[in-house]
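Geometric and topological summary
Each chain, letter by letter, is given below.
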Amino acid sequence: MFQSFFPKPRLFFTSALIWTALAATIWYGGGDHWGHYLGLGVATPADGDVVGIDYFLTPTFLWFCIYYFIAVGLFGGAWRLFSSSPWQLWSVFGSAFIIFTTFFDVEVSVAINNWRRPFFDDVQNALSGKAVVQAVDLYRLIWQFAEIALCAMFLFVVTRFLVSHWIFRWRTAMNDFYMAHWQKLRKTEGAAQRVQEDTMRFASVMEGLGISLVGSVMTLVAFLPLLWGLSKYVTSLPLVGEIPAPLVTAAIVWSVLGTLLLALVGIKLPGLEFHNQRVEAAYRKELVYGEDHAERADPVTMRELFGFVRQNYFRLYWHYTYFNVFRGLYLQADNVFAMAILIPTIAAGSTIGFTFGVLQQVLNAFGQVSGSFQYLVNAWTTIIELLSIYKRLRAFEASVSLQQG
(Lines give C-alpha, C1' and ligand atoms only; values in the text may rest on other atoms or scores of the structure.)
Protein backbone atom coordinates (compact mmCIF):
# COMPACT_ATOMS: atom_id res chain seq x y z
CA MET A 1 0.00 0.00 0.00
CA PHE A 2 2.64 2.53 1.01
CA GLN A 3 5.79 1.09 -0.55
CA SER A 4 4.24 1.34 -4.00
CA PHE A 5 3.69 5.12 -3.76
CA PHE A 6 6.07 6.61 -1.19
CA PRO A 7 9.90 6.29 -1.30
CA LYS A 8 11.05 4.08 1.61
CA PRO A 9 7.83 4.71 3.61
CA ARG A 10 9.09 4.21 7.15
CA LEU A 11 12.11 6.43 6.69
CA PHE A 12 10.12 8.92 4.63
CA PHE A 13 7.36 9.49 7.18
CA THR A 14 9.84 9.58 10.07
CA SER A 15 11.98 12.17 8.31
CA ALA A 16 8.87 14.18 7.37
CA LEU A 17 7.83 14.39 11.03
CA ILE A 18 11.33 15.39 12.13
CA TRP A 19 11.64 18.02 9.37
CA THR A 20 8.18 19.40 10.21
CA ALA A 21 9.09 19.67 13.90
CA LEU A 22 12.37 21.41 13.02
CA ALA A 23 10.68 23.86 10.62
CA ALA A 24 7.97 24.64 13.22
CA THR A 25 10.60 25.20 15.93
CA ILE A 26 12.46 27.67 13.73
CA TRP A 27 9.22 29.47 12.83
CA TYR A 28 7.97 29.85 16.39
CA GLY A 29 11.50 30.53 17.64
CA GLY A 30 11.65 33.82 15.73
CA GLY A 31 11.60 32.80 12.11
CA ASP A 32 8.12 34.26 11.69
CA HIS A 33 9.72 37.74 11.70
CA TRP A 34 12.30 37.09 9.00
CA GLY A 35 9.95 38.22 6.25
CA HIS A 36 11.03 41.85 6.57
CA TYR A 37 14.44 40.87 5.18
CA LEU A 38 12.62 40.19 1.90
CA GLY A 39 10.85 43.53 2.00
CA LEU A 40 7.48 42.12 3.10
CA GLY A 41 7.13 44.52 6.00
CA VAL A 42 7.32 44.02 9.74
CA ALA A 43 5.02 41.37 11.19
CA THR A 44 2.94 42.49 14.18
CA PRO A 45 0.34 40.81 16.42
CA ALA A 46 -2.28 43.01 14.74
CA ASP A 47 -1.82 41.00 11.51
CA GLY A 48 -4.05 38.31 12.96
CA ASP A 49 -6.97 40.72 13.46
CA VAL A 50 -7.13 42.17 9.95
CA VAL A 51 -10.65 41.94 8.51
CA GLY A 52 -11.42 40.97 4.92
CA ILE A 53 -9.28 39.78 2.02
CA ASP A 54 -6.40 41.95 3.27
CA TYR A 55 -5.78 39.26 5.89
CA PHE A 56 -4.06 37.20 3.16
CA LEU A 57 -1.77 40.12 2.28
CA THR A 58 -0.32 40.69 5.73
CA PRO A 59 3.46 40.28 6.16
CA THR A 60 2.97 37.29 8.48
CA PHE A 61 0.79 35.36 6.03
CA LEU A 62 2.89 36.11 2.95
CA TRP A 63 6.13 35.18 4.69
CA PHE A 64 4.63 31.90 5.96
CA CYS A 65 3.70 30.91 2.39
CA ILE A 66 7.25 31.57 1.19
CA TYR A 67 8.75 29.84 4.22
CA TYR A 68 6.56 26.76 3.67
CA PHE A 69 7.58 26.31 0.05
CA ILE A 70 11.27 26.79 0.90
CA ALA A 71 10.98 24.03 3.53
CA VAL A 72 9.12 21.73 1.12
CA GLY A 73 11.64 22.39 -1.66
CA LEU A 74 14.59 21.47 0.57
CA PHE A 75 12.88 18.33 1.89
CA GLY A 76 11.65 17.14 -1.51
CA GLY A 77 14.99 17.90 -3.18
CA ALA A 78 16.88 15.91 -0.55
CA TRP A 79 14.59 12.89 -1.05
CA ARG A 80 14.91 13.15 -4.82
CA LEU A 81 18.68 12.81 -4.45
CA PHE A 82 18.48 10.12 -1.76
CA SER A 83 15.84 7.82 -3.26
CA SER A 84 14.34 8.27 -6.68
CA SER A 85 10.76 7.04 -7.12
CA PRO A 86 8.49 7.11 -10.21
CA TRP A 87 5.67 8.56 -8.08
CA GLN A 88 7.76 11.04 -6.12
CA LEU A 89 6.31 14.11 -7.81
CA TRP A 90 2.85 13.16 -6.51
CA SER A 91 3.75 11.44 -3.23
CA VAL A 92 6.12 14.17 -1.98
CA PHE A 93 5.35 17.45 -3.72
CA GLY A 94 1.69 16.62 -4.37
CA SER A 95 1.17 15.81 -0.69
CA ALA A 96 2.88 19.03 0.34
CA PHE A 97 0.77 21.15 -2.00
CA ILE A 98 -2.48 19.56 -0.78
CA ILE A 99 -1.42 20.26 2.81
CA PHE A 100 -0.80 23.88 1.81
CA THR A 101 -4.22 24.33 0.17
CA THR A 102 -5.80 22.76 3.25
CA PHE A 103 -3.90 25.22 5.45
CA PHE A 104 -5.06 28.09 3.24
CA ASP A 105 -8.66 26.89 3.59
CA VAL A 106 -8.31 26.91 7.38
CA GLU A 107 -6.93 30.44 7.23
CA VAL A 108 -10.05 31.42 5.30
CA SER A 109 -12.04 30.23 8.34
CA VAL A 110 -9.80 32.39 10.55
CA ALA A 111 -10.48 35.39 8.31
CA ILE A 112 -14.23 34.78 8.60
CA ASN A 113 -13.87 34.52 12.38
CA ASN A 114 -12.13 37.93 12.42
CA TRP A 115 -15.01 39.33 10.38
CA ARG A 116 -17.65 38.13 12.85
CA ARG A 117 -16.82 40.57 15.64
CA PRO A 118 -17.19 43.90 13.78
CA PHE A 119 -20.23 42.71 11.85
CA PHE A 120 -22.23 41.33 14.77
CA ASP A 121 -21.18 44.19 17.03
CA ASP A 122 -22.59 46.62 14.45
CA VAL A 123 -25.77 44.55 14.28
CA GLN A 124 -26.08 44.64 18.08
CA ASN A 125 -25.46 48.39 18.19
CA ALA A 126 -27.98 49.05 15.43
CA LEU A 127 -30.72 46.96 17.04
CA SER A 128 -30.13 48.28 20.54
CA GLY A 129 -29.84 51.91 19.45
CA LYS A 130 -26.63 52.37 21.44
CA ALA A 131 -24.77 53.76 18.42
CA VAL A 132 -25.54 55.06 14.98
CA VAL A 133 -24.71 52.40 12.39
CA GLN A 134 -24.89 53.37 8.73
CA ALA A 135 -26.25 50.90 6.20
CA VAL A 136 -23.15 51.46 4.07
CA ASP A 137 -20.99 50.09 6.90
CA LEU A 138 -22.97 46.86 7.01
CA TYR A 139 -22.89 46.57 3.21
CA ARG A 140 -19.13 47.04 3.30
CA LEU A 141 -18.76 44.19 5.79
CA ILE A 142 -21.07 41.98 3.72
CA TRP A 143 -18.87 42.65 0.68
CA GLN A 144 -15.77 41.71 2.69
CA PHE A 145 -17.45 38.44 3.62
CA ALA A 146 -18.29 37.79 -0.05
CA GLU A 147 -14.62 38.26 -0.98
CA ILE A 148 -13.55 35.70 1.63
CA ALA A 149 -16.34 33.30 0.61
CA LEU A 150 -15.28 33.42 -3.05
CA CYS A 151 -11.73 32.63 -1.98
CA ALA A 152 -13.03 29.68 0.06
CA MET A 153 -15.03 28.37 -2.90
CA PHE A 154 -12.01 28.55 -5.21
CA LEU A 155 -9.80 26.74 -2.69
CA PHE A 156 -12.42 24.01 -2.16
CA VAL A 157 -12.62 23.28 -5.91
CA VAL A 158 -8.83 23.29 -6.37
CA THR A 159 -8.20 21.10 -3.32
CA ARG A 160 -10.82 18.50 -4.27
CA PHE A 161 -9.51 18.35 -7.83
CA LEU A 162 -5.92 17.82 -6.67
CA VAL A 163 -6.89 15.28 -3.99
CA SER A 164 -8.91 13.23 -6.47
CA HIS A 165 -5.96 13.01 -8.86
CA TRP A 166 -3.51 12.37 -6.01
CA ILE A 167 -5.60 9.50 -4.65
CA PHE A 168 -6.03 7.90 -8.09
CA ARG A 169 -2.25 8.05 -8.61
CA TRP A 170 -1.88 6.16 -5.32
CA ARG A 171 -4.40 3.58 -6.48
CA THR A 172 -2.50 3.26 -9.77
CA ALA A 173 0.76 2.71 -7.88
CA MET A 174 -0.86 -0.05 -5.78
CA ASN A 175 -2.36 -1.65 -8.88
CA ASP A 176 1.00 -1.65 -10.67
CA PHE A 177 2.70 -3.14 -7.61
CA TYR A 178 0.18 -5.97 -7.27
CA MET A 179 0.22 -6.72 -10.99
CA ALA A 180 4.02 -6.95 -10.94
CA HIS A 181 3.69 -9.73 -8.32
CA TRP A 182 0.47 -11.26 -9.65
CA GLN A 183 1.91 -14.76 -10.10
CA LYS A 184 2.40 -14.98 -6.33
CA LEU A 185 -0.70 -13.07 -5.34
CA ARG A 186 -3.12 -14.85 -7.66
CA LYS A 187 -3.13 -17.93 -5.44
CA THR A 188 -4.56 -15.92 -2.54
CA GLU A 189 -8.28 -16.29 -1.92
CA GLY A 190 -10.14 -13.33 -3.42
CA ALA A 191 -7.03 -11.97 -5.16
CA ALA A 192 -9.01 -10.27 -7.92
CA GLN A 193 -11.26 -8.56 -5.38
CA ARG A 194 -8.26 -7.33 -3.39
CA VAL A 195 -6.63 -5.76 -6.45
CA GLN A 196 -9.76 -4.22 -7.98
CA GLU A 197 -12.25 -3.50 -5.18
CA ASP A 198 -10.07 -3.04 -2.11
CA THR A 199 -7.59 -0.70 -3.81
CA MET A 200 -10.56 1.33 -5.10
CA ARG A 201 -12.19 1.48 -1.64
CA PHE A 202 -8.87 2.22 0.04
CA ALA A 203 -8.34 5.16 -2.31
CA SER A 204 -11.85 6.56 -1.88
CA VAL A 205 -11.80 6.24 1.93
CA MET A 206 -8.34 7.82 2.16
CA GLU A 207 -9.53 10.73 0.02
CA GLY A 208 -12.09 11.81 2.59
CA LEU A 209 -10.37 10.62 5.73
CA GLY A 210 -6.91 11.99 4.91
CA ILE A 211 -8.08 15.49 4.04
CA SER A 212 -10.26 15.58 7.16
CA LEU A 213 -7.27 14.63 9.32
CA VAL A 214 -4.98 17.25 7.77
CA GLY A 215 -7.75 19.83 8.05
CA SER A 216 -8.33 18.99 11.72
CA VAL A 217 -4.63 19.39 12.57
CA MET A 218 -4.40 22.67 10.65
CA THR A 219 -7.56 23.95 12.35
CA LEU A 220 -6.10 23.23 15.77
CA VAL A 221 -2.90 25.09 14.89
CA ALA A 222 -4.88 28.11 13.67
CA PHE A 223 -7.75 28.28 16.16
CA LEU A 224 -6.21 27.15 19.46
CA PRO A 225 -4.33 30.47 19.89
CA LEU A 226 -7.52 32.36 18.99
CA LEU A 227 -9.58 30.41 21.52
CA TRP A 228 -6.87 30.94 24.11
CA GLY A 229 -7.03 34.70 23.53
CA LEU A 230 -10.83 34.75 23.67
CA SER A 231 -10.72 32.96 27.04
CA LYS A 232 -10.02 36.35 28.65
CA TYR A 233 -13.72 37.15 28.28
CA VAL A 234 -14.88 34.01 30.12
CA THR A 235 -15.09 34.61 33.86
CA SER A 236 -15.94 31.07 34.98
CA LEU A 237 -17.42 27.77 33.88
CA PRO A 238 -20.48 26.07 35.35
CA LEU A 239 -19.70 23.57 38.15
CA VAL A 240 -15.88 24.05 37.99
CA GLY A 241 -15.65 27.82 38.47
CA GLU A 242 -12.54 29.76 37.43
CA ILE A 243 -9.75 27.76 35.72
CA PRO A 244 -6.84 28.74 33.44
CA ALA A 245 -7.74 29.05 29.72
CA PRO A 246 -11.30 27.83 30.38
CA LEU A 247 -12.44 27.62 26.76
CA VAL A 248 -9.41 25.62 25.63
CA THR A 249 -9.65 23.31 28.64
CA ALA A 250 -13.38 22.75 28.13
CA ALA A 251 -12.93 21.99 24.41
CA ILE A 252 -10.15 19.46 25.05
CA VAL A 253 -11.87 17.69 27.97
CA TRP A 254 -15.24 17.50 26.19
CA SER A 255 -13.69 16.15 22.97
CA VAL A 256 -11.46 13.61 24.70
CA LEU A 257 -14.41 12.28 26.70
CA GLY A 258 -16.44 11.83 23.51
CA THR A 259 -13.58 10.14 21.70
CA LEU A 260 -12.92 7.71 24.56
CA LEU A 261 -16.63 6.94 24.87
CA LEU A 262 -17.07 6.04 21.21
CA ALA A 263 -13.77 4.15 21.05
CA LEU A 264 -14.98 2.03 23.97
CA VAL A 265 -18.47 1.28 22.65
CA GLY A 266 -17.17 0.68 19.11
CA ILE A 267 -14.16 -1.46 19.97
CA LYS A 268 -15.60 -4.61 18.35
CA LEU A 269 -16.64 -3.04 15.06
CA PRO A 270 -13.30 -3.20 13.13
CA GLY A 271 -12.98 -6.94 13.74
CA LEU A 272 -16.57 -7.57 12.70
CA GLU A 273 -16.15 -5.53 9.51
CA PHE A 274 -13.00 -7.52 8.68
CA HIS A 275 -14.75 -10.83 9.32
CA ASN A 276 -17.71 -9.63 7.25
CA GLN A 277 -15.50 -9.28 4.18
CA ARG A 278 -14.15 -12.79 4.71
CA VAL A 279 -17.55 -14.47 4.85
CA GLU A 280 -18.76 -12.40 1.89
CA ALA A 281 -15.65 -13.41 -0.09
CA ALA A 282 -16.19 -17.11 0.71
CA TYR A 283 -19.82 -16.90 -0.41
CA ARG A 284 -18.91 -15.04 -3.61
CA LYS A 285 -16.07 -17.43 -4.42
CA GLU A 286 -18.34 -20.47 -4.26
CA LEU A 287 -20.81 -18.72 -6.57
CA VAL A 288 -18.03 -18.05 -9.08
CA TYR A 289 -16.95 -21.71 -9.01
CA GLY A 290 -20.59 -22.68 -9.51
CA GLU A 291 -20.64 -20.81 -12.82
CA ASP A 292 -18.06 -23.20 -14.31
CA HIS A 293 -18.58 -26.42 -12.37
CA ALA A 294 -21.99 -28.05 -11.95
CA GLU A 295 -20.94 -29.88 -8.78
CA ARG A 296 -20.09 -26.63 -6.97
CA ALA A 297 -22.42 -24.11 -5.29
CA ASP A 298 -24.93 -26.79 -4.29
CA PRO A 299 -27.91 -25.65 -2.16
CA VAL A 300 -26.61 -27.16 1.10
CA THR A 301 -23.20 -25.49 0.80
CA MET A 302 -24.67 -22.14 -0.25
CA ARG A 303 -27.19 -22.23 2.59
CA GLU A 304 -24.37 -22.81 5.06
CA LEU A 305 -22.16 -20.07 3.60
CA PHE A 306 -25.03 -17.58 3.48
CA GLY A 307 -25.83 -18.50 7.08
CA PHE A 308 -22.36 -17.25 8.07
CA VAL A 309 -23.02 -14.01 6.17
CA ARG A 310 -26.39 -13.57 7.91
CA GLN A 311 -24.94 -14.27 11.35
CA ASN A 312 -22.16 -11.70 10.96
CA TYR A 313 -24.49 -9.01 9.59
CA PHE A 314 -26.88 -9.45 12.51
CA ARG A 315 -23.99 -9.08 14.94
CA LEU A 316 -22.92 -5.91 13.10
CA TYR A 317 -26.44 -4.52 13.26
CA TRP A 318 -26.58 -5.06 17.02
CA HIS A 319 -23.20 -3.48 17.74
CA TYR A 320 -23.90 -0.52 15.44
CA THR A 321 -27.23 0.03 17.19
CA TYR A 322 -25.80 0.80 20.61
CA PHE A 323 -22.80 2.54 19.02
CA ASN A 324 -25.15 4.91 17.17
CA VAL A 325 -27.17 5.50 20.36
CA PHE A 326 -24.09 6.75 22.22
CA ARG A 327 -22.78 8.66 19.19
CA GLY A 328 -26.15 10.37 18.66
CA LEU A 329 -26.46 11.35 22.32
CA TYR A 330 -22.98 12.83 22.35
CA LEU A 331 -23.42 14.80 19.11
CA GLN A 332 -26.77 16.21 20.25
CA ALA A 333 -25.24 17.30 23.55
CA ASP A 334 -22.35 18.84 21.60
CA ASN A 335 -24.80 21.16 19.83
CA VAL A 336 -25.55 23.02 23.06
CA PHE A 337 -22.39 22.38 25.11
CA ALA A 338 -20.57 25.59 24.12
CA MET A 339 -23.60 27.79 24.79
CA ALA A 340 -24.22 26.04 28.12
CA ILE A 341 -20.73 26.72 29.47
CA LEU A 342 -20.99 30.36 28.36
CA ILE A 343 -24.18 31.11 30.31
CA PRO A 344 -22.37 32.68 33.34
CA THR A 345 -20.32 34.84 30.97
CA ILE A 346 -23.37 35.88 28.93
CA ALA A 347 -25.19 36.85 32.13
CA ALA A 348 -22.24 39.06 33.14
CA GLY A 349 -21.60 40.31 29.60
CA SER A 350 -22.41 43.97 30.16
CA THR A 351 -19.79 44.26 32.90
CA ILE A 352 -16.90 42.50 31.12
CA GLY A 353 -17.34 43.75 27.54
CA PHE A 354 -18.71 40.45 26.24
CA THR A 355 -20.53 41.68 23.13
CA PHE A 356 -22.62 39.84 20.56
CA GLY A 357 -19.69 39.94 18.14
CA VAL A 358 -17.36 38.39 20.72
CA LEU A 359 -19.98 35.69 21.41
CA GLN A 360 -20.06 34.81 17.71
CA GLN A 361 -16.26 34.61 17.62
CA VAL A 362 -16.15 32.40 20.71
CA LEU A 363 -18.83 30.02 19.45
CA ASN A 364 -17.16 29.68 16.06
CA ALA A 365 -13.63 29.23 17.46
CA PHE A 366 -14.87 26.76 20.10
CA GLY A 367 -16.72 24.77 17.45
CA GLN A 368 -13.64 24.67 15.23
CA VAL A 369 -11.34 23.49 18.03
CA SER A 370 -13.74 20.96 19.55
CA GLY A 371 -14.64 19.69 16.06
CA SER A 372 -10.96 19.10 15.33
CA PHE A 373 -10.44 17.25 18.60
CA GLN A 374 -13.56 15.23 17.76
CA TYR A 375 -12.01 13.93 14.54
CA LEU A 376 -12.24 10.33 15.75
CA VAL A 377 -15.83 10.86 16.89
CA ASN A 378 -16.97 12.18 13.52
CA ALA A 379 -14.92 9.77 11.40
CA TRP A 380 -15.11 6.62 13.53
CA THR A 381 -17.33 4.60 11.18
CA THR A 382 -15.11 5.54 8.22
CA ILE A 383 -11.99 4.64 10.21
CA ILE A 384 -13.54 1.25 10.95
CA GLU A 385 -14.02 0.68 7.23
CA LEU A 386 -10.45 1.75 6.51
CA LEU A 387 -9.06 -0.58 9.18
CA SER A 388 -10.91 -3.54 7.71
CA ILE A 389 -9.59 -2.73 4.22
CA TYR A 390 -6.07 -2.28 5.62
CA LYS A 391 -6.21 -5.67 7.34
CA ARG A 392 -7.30 -7.38 4.13
CA LEU A 393 -4.62 -5.74 2.00
CA ARG A 394 -1.92 -6.49 4.59
CA ALA A 395 -2.97 -10.15 4.63
CA PHE A 396 -2.97 -10.08 0.83
CA GLU A 397 0.52 -8.57 0.66
CA ALA A 398 1.83 -11.24 3.03
CA SER A 399 1.84 -13.51 -0.02
CA VAL A 400 4.74 -11.49 -1.37
CA SER A 401 7.86 -11.81 0.77
CA LEU A 402 9.22 -8.29 0.21
CA GLN A 403 10.89 -6.07 2.79
CA GLN A 404 8.90 -2.89 3.43
CA GLY A 405 11.01 0.20 2.79
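None of the values given here were measured: they were computed from a predicted structure.

**Notes on the overall build of the chain**
Of the regular secondary structure elements, the chain holds 13 helices and zero strands. Along the chain, helices (α) and strands (β) appear in the sequence α-α-α-α-α-α-α-α-α-α-α-α-α when read from the amino end. Seen along its three principal axes, the alpha-carbon backbone of the chain occupies a region of about 90 × 50 × 40 Å. By sequence separation, contacts in the chain at least 24 residues apart represent 79% of the contacts at least 6 residues apart. Taken as a whole, the chain presents about 21,800 Å² of accessible surface, with 67% of it coming from carbon and sulfur.

**Some words on helix α2 (residues 59-82)**
Taking 1.5 Å of rise per residue, the 24 residues of α2 would be expected to cover 34 Å, and the 35 Å separating its terminal C-alpha atoms lies within 8% of that figure. Those residues of α2 that sit buried are Pro-59, Phe-61, Trp-63, Cys-65, Tyr-67, Tyr-68, Ala-71, Val-72, Phe-75, Gly-76 and Trp-79. Buried residues along α2 sit against α1 (9-28) and α3 (88-128).

**Examining the nonpolar core**
Ranked by internal contacts, the top residues of the largest apolar core, which has 46 residues, are Phe-56, Phe-104, Val-108, Leu-227, Leu-247, Ile-341 and Phe-366. If you tally residues by element for this core, the top one is α3, at nine residues. In contact with Leu-247, other than residues within four places in its own chain, are Leu-227, Leu-230, Ser-231, Val-234, Ile-341, Leu-342, Val-362 and Phe-366. In this structure, Ile-167, Met-174, Phe-202 and Ala-379 belong to the second largest nonpolar core, which totals 43 residues.

**Structural notes on unusual backbone geometry**
Despite not being glycine, Lys-8 has its phi angle at roughly 45°, a positive value. Counting through the fold element by element, Lys-8 comes out in the segment before α1. Residue Lys-8 is classed as partly exposed on the basis of its relative accessible area, which comes to 39%. Despite not being glycine, Ala-245 has its phi angle at roughly 45°, a positive value. Tracing the sequence through the fold places Ala-245 in the loop between α6 (191-230) and α7 (246-265).

**As for the packing of aromatic side chains**
Scanning the model with the defined rule gives 44 aromatic pairs in all. Relative to Tyr-67, the ring of Trp-27 lies with its centre 5.2 Å away and its plane at 45°, an arrangement referred to as tilted. On the criterion of sequence distance, the pair formed by Trp-27 in helix α1 and Tyr-67 in helix α2 is long-range, its members being 40 residues apart. A single burial state applies to Trp-27 and to Tyr-67, both of which are buried.

Calculation criteria
Residues numbered from 1 in each chain as written. Predicted model: local features only at pLDDT ≥ 70, side-chain atom pairs only at ≥ 80, totals over all residues. Heavy atoms only, no water. Helix = DSSP H or I, 4+ residues; strand = E, 2+ residues; numbered from the N terminus. Contact = heavy atoms within 4.5 Å. Areas by Shrake-Rupley, 256 points an atom, 1.4 Å probe, with all protein chains shown as cover. Expected span 1.5 Å × (residues − 1). Buried < 20%, exposed > 50% of the residue type's maximum accessible area, 1.4 Å probe, protein only. Core = buried A, V, L, I, M, F, W, Y, C linked by side-chain atoms within 4.5 Å. Phe/Tyr/Trp six-rings, centres within 6.5 Å; stacked < 30°, edge-to-face > 60°.

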